[in-house]
Amino acid sequence: MPAQTIDPETMQQAAAEASRLMKALANPDRLLILCELSGGERCVSELEAALGILQPTLSQQLSVLREEALVDTRREGRQIYYRVRSPRALAVLKVLYQQFCGGGKNR
């Protein structure tokens, strides 16, 4: 099977997108938030209780995840619910889970 060639401009654009995602995931708090959200939608108080991240830090990191289009929100009364928006982020989280949390022998 012949190797697929990608033009340099497309490759640079893809590398920039991948780097941006990896930068967002590189923060431990954001990574924890996305891991928790990969199990389904959560409100801020549920995230705070599950992760032990204090509300000011949690809000700051959720803001970054929104800016990077990695999470979506919906409001229900006074609560704001978050969910993972990015299929690419979910795919990377799955690999990270398998490598670091899934009991793999590669540690």
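Looking at the secondary structure, you find Arg30 in helix α2 (residues 28-37). A polar atom in the side chain of Arg30 sits 2.9 Å from the backbone oxygen of Ala24. Apart from the residues lying within four places of it in its own chain, the contact partners of Arg30 are Lys23, Ala24, Gln61, Val64 and Leu65.

A few words now on the pairing of strand β2 (residues 71-76). Sheet analysis places β2 next to strand β3 (residues 79-84), joined by six bridges and oriented antiparallel. Bridging across to β3, Asp72 finds its partner in Arg83. As consecutive antiparallel partners, β2 and β3 are separated by two residues, and within that stretch Gly77 has a phi angle of approximately 65°, a positive value.

This part covers unusual backbone geometry. The backbone of Ala69 sits at a positive phi, close to 60°, despite the residue not being glycine. Within the element layout of this structure, Ala69 appears in the loop between α4 (55-67) and β2.

The next thing to look at is the environment of Gln4. Following the sequence through the fold, Gln4 ends up in the segment before α1 (8-25). On the basis of relative accessibility, which here comes to 73%, the residue Gln4 falls in the exposed class.

Under the defined criterion, the tally for this structure stands at zero disulfides. Lacking any disulfide linkage, Cys43 is separated from the closest cysteine sulfur, that of Cys35, by 18 Å. Of all cysteine sulfurs, the one in Cys35 lies closest to Cys101, which takes part in no disulfide; the gap is 6.2 Å. Taking the relative accessible area as the measure of exposure, Cys101 reaches 49% and is therefore partly exposed.

Time to look at the pattern of salt bridges. Close approach of charged atoms allows side chains of opposite charge to pair. The full count for this structure, using the stated rule, is seven salt bridges. For the salt bridge of Arg88 with Glu17, the shortest nitrogen-to-oxygen distance reads 2.8 Å. Taken together, the positions of Arg88 in helix α5 (residues 87-100) and Glu17 in helix α1 put the pair 71 residues apart, joining distant regions of the chain. Taking relative accessible area as the criterion, Glu17 reaches 40% and is therefore assigned partly exposed. The shortest N-O distance in the salt bridge between Arg42 and Glu36 comes to 3.1 Å. For Arg42, a relative accessible area of 21% corresponds to the partly exposed category. A relative accessible area of 23% places Glu36 in the partly exposed class.

Parameters and conventions
- Residues numbered from 1 in each chain as written.
- Predicted model: local features only at pLDDT ≥ 70, side-chain atom pairs only at ≥ 80, totals over all residues.
- Heavy atoms only, no water.
- Helix = DSSP H or I, 4+ residues; strand = E, 2+ residues; numbered from the N terminus.
- Polar contact = N/O pair within 3.5 Å; in protein donor to acceptor, adjacent residues only side chain to side chain.
- Contact = heavy atoms within 4.5 Å.
- Pairing = 2+ DSSP bridges.
- Buried < 20%, exposed > 50% of the residue type's maximum accessible area, 1.4 Å probe, protein only.
- Disulfide = S-S within 2.5 Å.
- Salt bridge = Lys/Arg side-chain N within 4 Å of Asp/Glu carboxyl O.

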